There are 2 protein chains.
Amino acid sequence: MAKDRRPRLDIKRGAIDLSHGAGGRATAQLIEEVFAPAFGASGGGDDFAAIELNAGRVVVSTDGHVVSPLFFPGGDIGALAVNGTINDVAMAGARPLYLTAAFIIEEGFPLSELARIAQSMGRAAKAANVRIVTGDTKVVERGKGDGVFIATTGIGVAPLNVAVSGANIRPGDSVIVSGSIGDHGIAIMALREGLSFEAEIISDTAPLHGLVEAMFASGAEIRALRDPTRGGLAAVLNEFAQQSGVGFRIEEAAVPVKPAVSGACELLGLDPFNVACEGRLVAVCAASDAERLLAAMRAHALGREAAIIGGAVEDAHRFVQMKTAIGGNRIVAWLSGEQLPRIC
Amino acid sequence: MAKDRRPRLDIKRGAIDLSHGAGGRATAQLIEEVFAPAFGASGGGDDFAAIELNAGRVVVSTDGHVVSPLFFPGGDIGALAVNGTINDVAMAGARPLYLTAAFIIEEGFPLSELARIAQSMGRAAKAANVRIVTGDTKVVERGKGDGVFIATTGIGVAPLNVAVSGANIRPGDSVIVSGSIGDHGIAIMALREGLSFEAEIISDTAPLHGLVEAMFASGAEIRALRDPTRGGLAAVLNEFAQQSGVGFRIEEAAVPVKPAVSGACELLGLDPFNVACEGRLVAVCAASDAERLLAAMRAHALGREAAIIGGAVEDAHRFVQMKTAIGGNRIVAWLSGEQLPRIC
């Protein structure tokens, strides 16, 4: 009732107020005028969505996104949330199909920025052929949040014969990364610290499910896949080591790092191995399949700079060790503190 | 590596710091020592979960939870998040099976409270026979959040012949509520305002999937189901009116409201029709089935006070009208502002 008599939202100059989270008319209007058009969804008005899943292994993953700042070179929190969750589902060897999105918005947040974020999410979902099927909006008082947080959940289906896990790795397996590491984290940190470089550092945020499909199509026996987000490559390798009870030996010179990222890391006192990517993956496969898998990855737009960086070894200590570029050896430690808060 | 040398978390006196959201060792420890035991999950260490779904219509729903305060008579944000998402899935006529949970925690939040919330979630999930299969933890700086926010997503399966929707309602249908309205919202508001009453007002937070199953087992033709959370009964009826293009005529005297809730509403200047419940549902069914459905609801512990409160009518204006207890008529408006921020 009276819905038609309510003036349209002033997206250019308006701001979120507590009524937009109240579940009443203002919430309905926000959905109708901001989210539904951005997501290409008609809404329907129910608090749930029915989804269709073909036979297979259903995979689900969830992520909260609190990146700060919300907009950065190469993306924004919206694209990051969509791609990040697509990637977690893809790392199970599954094709991502559906997303849900829960927004926690701070009172006073500009509608124009919310609309921009929603549109970015819509575009990212469309590009990956994934549908945002249901969502939720809550508003917290000024000073009780920070702009907008977005929690996304992804659902996908994997072929029944695909079962990758960090627990499947065997000594002798090869480790491949799909591209240069640390771009996303350094793009955010450079912006926060007000650093500028000759070559702008751009977030690598991208949906990796297409690359993963190409990798499985190669026929290589893939044991484990993971995207090195928070904690970076170091965290992934240490997690794999814990899960499979193996160690790793990595060649520093083989790991792709952009010169600008490497330089920024030195300036900021960071190790690129600890810095987040948002469009890269780490794959472990049988050594005999490594070249075939590498070729399949390099043939894909998002894997052109893929490289074999080392392998798994028997190691009761589950150490991740690196042969440095200058010939030494060092242990690649799992980040224990928080050098890079709110990177995703 | 070295995981075993890290001292255990001091859950009694410790607090969340930024490292717990960094995706490294501290995050892994938080999962291992707080979330995994509470959820009865072993973790496994992958960023996704594989789930099994039997044939049927798969239903998904998501909700962000920002209730303040976090602990209240009858529950806490943890139980609320689990039950709320279970209920959204149940309102599709589906059996909830799996939950995901994304935590956004403010730096400095006491570990003891986080553990208490996680345990409450674990208990609520276990009671409803639902598994929390995967999650995520982010930490924001002090002053950029408010204790803890929890976004949950629920996945369930409905029989293929069940398809309830707010769009299915026809003039002549009956409207039933499962119990007294407004308990949850008033429990929160009374706490916030420091009000006390002779009879303590307790949140009605509860999982409704069992009640819904009993309702379908009655054989009644259920057109629509919805839980009146934010916006209360008024919002549900107005949403149904919009979705189905009907009006509603409600008898105020037939709507169960506890005297303490009614008194608190007067004191606070609230209309119980706008106040959230977290363990009630509104059902619309064919009038010829109403008595049968009512009997099935009253036979269930969570529907003992169920009541037929009115019906749907032809109305081009889609008005929700109420015959008041004193014989007048008034329009039950959709809440347009935010009288009750952060109620769930």
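Given the structure is predicted, the values throughout are model-derived calculations rather than measurements. (Residues numbered from 1 in each chain as written. Chains lettered and ligands numbered in written order. Predicted model: local features only at pLDDT ≥ 70, side-chain atom pairs only at ≥ 80, totals over all residues. Heavy atoms only, no water.)

Trainee: I keep staring at the overall build of chain A and nothing clicks. Help me out?
Mentor: Scanning chain A for helices and strands turns up eight helices and 14 strands. In terms of overall dimensions, chain A is globule-like: its C-alpha atoms have a radius of gyration of 21 Å, near the 20 Å expected for 344 residues. By its C-alpha atoms, chain A is 70 × 50 × 35 Å across when sized along the principal axes. Counting over 344 residues, chain A shows a buried share of 63%. When contacts within chain A are restricted to residue pairs at least 6 apart in sequence, long-range pairs at least 24 apart make up 85% of them. (Helix = DSSP H or I, 4+ residues; strand = E, 2+ residues; numbered from the N terminus. Rg over C-alpha atoms; globule rule 2.2 N^0.38 Å. Buried < 20%, exposed > 50% of the residue type's maximum accessible area, 1.4 Å probe, protein only. Contact = heavy atoms within 4.5 Å.)

Trainee: Teacher, can you tell me more about the relation of the copies chain B and chain A here?
Mentor: Here the two chain copies are tied together by a rotation about an axis and a shift along that axis. Under the fitted operation, chain B is carried onto chain A by 0.0 Å of movement along the axis and a turn of 180°, and the coordinates agree to an RMSD of 0.0 Å. Such a combination of turn and shift is consistent with a two-fold rotation axis. The rotation axis passes nearest to the C-alpha of glycine 145 of chain B in chain B, at a distance of 2.1 Å. Counting the interface residues of chain B, we find that 100% of their copies in chain A are interface residues as well, pointing to one common contact surface. (Least-squares fit on C-alpha atoms with pLDDT ≥ 70 in both.)

Trainee: For this particular structure, what's the right way to read the sheet that holds strand β6 (residues 131-140) of chain B?
Mentor: Within a beta sheet, neighbouring strands are joined by backbone hydrogen bonds and run either parallel or antiparallel to one another. Overall, mixed pairing links the five strands, which are arranged β1(A)-β2(B)-β7(B)-β5(B)-β6(B) in an open sheet. Among the strands making up the open sheet, the edge pair consists of β1 (49-51) of chain A together with β6 of chain B. Ignoring strand direction, the axes of neighbouring strands in this sheet form an average angle of 20°. Here strand β2 (residues 57-65) of chain B runs beside strand β7 (residues 148-158) of chain B; their pairing, made up of nine bridges, is antiparallel. Across the sheet, the residue bridging to serine 61 of chain B is glycine 154 of chain B, located in β7 of chain B. (Pairing = 2+ DSSP bridges. Axes fitted to C-alpha atoms, helices over the stretch in contact; angles between N-to-C directions.)

Trainee: When you look at the pairing of strand β11 (residues 282-285) of chain B in this model, what are you seeing that I'm missing?
Mentor: Side chains on a regular strand alternate between the two faces of the sheet. Residue and element names in this part refer to chain B. By the alternation rule, side chains of β11 split into Val282 and Val284 and Ala283 and Cys285, which are all buried. Relative to β11, strand β8 (residues 174-177) is paired through four bridges, and the arrangement is antiparallel. Looking at the pairing, valine 175 lines up with valine 284 of β11. Where strand β9 (residues 222-226) meets β11, four bridges bridge the pair, whose relative direction is antiparallel. Across the sheet, residue isoleucine 222 finds its bridge partner in β11, namely cysteine 285.

Trainee: When you look at helix α8 (residues 290-298) of chain A in this model, what are you seeing that I'm missing?
Mentor: An α-helix turns once every 3.6 residues. As a result, residues three or four positions apart point the same way. Residues of α8 of chain A that are buried include every one of Ala290, Leu293, Leu294, Ala296 and Met297 of chain A, and no others. The buried residues of α8 of chain A all sit within an arc of 160° when viewed along its axis, so they share a single face. (Arc of directions from axis to C-beta.)

Trainee: Could you clarify how one ought to interpret the pattern of salt bridges in this entry?
Mentor: Oppositely charged side chains are able to pair whenever their charged atoms sit close together. This structure, assessed with the given rule, holds 30 salt bridges over all chains. Note that arginine 342 of chain A and aspartate 146 of chain A form a salt bridge whose closest N and O atoms lie 2.9 Å from each other. On the criterion of sequence distance, the pair formed by arginine 342 of chain A in the segment after β14 (329-331) and aspartate 146 of chain A in the loop between β6 (131-140) and β7 (148-158) is long-range, its members being 196 residues apart. Residue class for arginine 342 of chain A comes out buried when judged on its relative accessible area of 5%. Aspartate 10 of chain B serves as the salt-bridge partner of arginine 13 of chain B, at 3.2 Å between the closest nitrogen and oxygen. Taking relative accessible area as the criterion, aspartate 10 of chain B reaches 32% and is therefore assigned partly exposed. (Salt bridge = Lys/Arg side-chain N within 4 Å of Asp/Glu carboxyl O.)

Trainee: For this particular structure, what's the right way to read unusual backbone geometry?
Mentor: Glycine aside, a negative phi is what most residues show, and trans is what most peptide bonds show. Residues and elements named next belong to chain A. Geometrically, the link from serine 68 to proline 69 is a cis peptide bond, its omega value of 0° lying close to zero. The topology assignment puts proline 69 in the loop between β2 (57-65) and β3 (71-72). Unlike most non-glycine residues, arginine 318 shows phi in positive territory, near 55°. Within the secondary structure layout, arginine 318 lies in the loop between β12 (307-313) and β13 (320-323).

Trainee: I keep staring at the interface of chain B and chain A and nothing clicks. Help me out?
Mentor: Frequently, the measure chosen for interface size is the accessible area removed from exposure when the parts meet. Contacts between the two partners involve 79 residues from chain B, matched on the other side by 80 residues from chain A. Overall, the association of chain B and chain A removes approximately 6,300 Å² of surface from exposure, summing both partners, and the carbon and sulfur fraction of that is 57%. Run the count over chain B and chain A and you get six salt bridges. Across the chain B-chain A interface, the total number found is 18 residue pairs in polar contact (both at pLDDT 80 or more). If you list the elements that add at least two residues to the side of chain B that touches chain A, you get α1 (25-39), β1 (49-51), β2, β5 (95-106), β6, β7 and α6 (232-244) of chain B. Grouping the amino acids of the side of chain B that touches chain A by side-chain chemistry returns 34 nonpolar, 25 polar and 20 charged. With three bridges connecting them, β2 of chain A and β1 of chain B associate as antiparallel partners. Among the inter-strand pairings, valine 58 of chain A is bridged to a residue of β1 of chain B, identified as isoleucine 51 of chain B. (Buried area = accessible area lost by both parts, 1.4 Å probe. Polar contact = N/O pair within 3.5 Å; in protein donor to acceptor, adjacent residues only side chain to side chain. Nonpolar A, V, L, I, M, F, W, Y, C, P; charged D, E, K, R; others polar.)

Trainee: It is not clear to me how helix α1 (residues 25-39) of chain A should be interpreted in this structure. Could you clarify?
Mentor: Residue and element names in this part refer to chain A. Compared with an ideal rise of 1.5 Å per residue, which puts 15 residues at 21 Å, α1 spans 20 Å between its outermost C-alpha atoms and is within 8% of the ideal. Most pronounced at isoleucine 31, the bend in α1 amounts to some 35°. Burial analysis of α1 places eleven of its 15 residues in the buried class, which makes it a mostly covered element. Listing the buried residues of α1 in full gives Arg25, Ala26, Thr27, Gln29, Leu30, Glu33, Val34, Phe35, Ala36, Ala38 and Phe39. Contacts from the buried residues of α1 go to β5 (95-106), α3 (111-127) and β6. Just downstream of α1, glycine 40 is the residue with a positive phi angle, here 65°. (Expected span 1.5 Å × (residues − 1). Bend = angle between axes of the 7 residues up to and from the residue.)

Trainee: Would you explain the side chain of arginine 226 of chain A in this entry?
Mentor: Within the element layout of this structure, arginine 226 of chain A appears in strand β9 (residues 222-226). With relative accessibility at 2%, the residue arginine 226 of chain A sits in the buried group. Every residue in contact with arginine 226 of chain A, bar those within four places of it in the chain, is listed here: Met91, Gly166, Val236, Glu239, Phe240, Gln243, Leu281 and Val282 of chain A together with Gly45, Asp46 and Asp47 of chain B.

Trainee: When you look at the sheet that holds β1 of chain B in this model, what are you seeing that I'm missing?
Mentor: Overall, mixed pairing links the five strands, which are arranged β6(A)-β5(A)-β7(A)-β2(A)-β1(B) in an open sheet. The outermost strands of the open sheet, each flanked by one partner alone, are β6 of chain A together with β1 of chain B. Taken over all neighbouring pairs, the strand axes of this sheet differ in orientation by 20° on average, direction set aside. Direction of pairing for β5 of chain A relative to β7 of chain A: antiparallel, over a ladder of ten bridges. When the sheet's bridge partners are listed, alanine 101 of chain A is paired in β7 of chain A with threonine 152 of chain A.

Trainee: Would you take a moment to explain the confidence of the model for chain A for this structure?
Mentor: Detailed conclusions should not be drawn from predicted coordinates in areas where pLDDT is low. For chain A, per-residue confidence averages 93 on the pLDDT scale, and residues scoring 70 or more make up 97% of the total. Scored by ipTM, the complex comes to 0.94, with pTM at 0.94. (pLDDT = per-residue confidence, 0-100.)

Trainee: Any chance you could explain the packing of helix α4 (residues 183-193) of chain B against helix α7 (residues 259-268) of chain B here in plain terms?
Mentor: Any two packed helices are characterised by how steeply their axes cross, that is the angle between the axes, and by the distance between the axes. All names here are of chain B. Put simply, α4 and α7 touch, their axes get as near as 10 Å, and they point 50° apart. In terms of their interaxial angle, α4 and α7 are classed as oblique. Like other packed secondary-structure pairs, α4 and α7 cross with a definite hand, here left-handed. Together, Asp183, Ile186, Met189 and Glu193 of α4 and Val261, Ala264, Cys265 and Leu268 of α7 make up the contact between the two elements. Here the residues of the contact of α4 with α7 are counted per class, giving six nonpolar, no polar and two charged. (Parallel < 35°, antiparallel > 145°, perpendicular 65-115°, else oblique. Left-handed = near helix turned anticlockwise from the far one by under 90°.)

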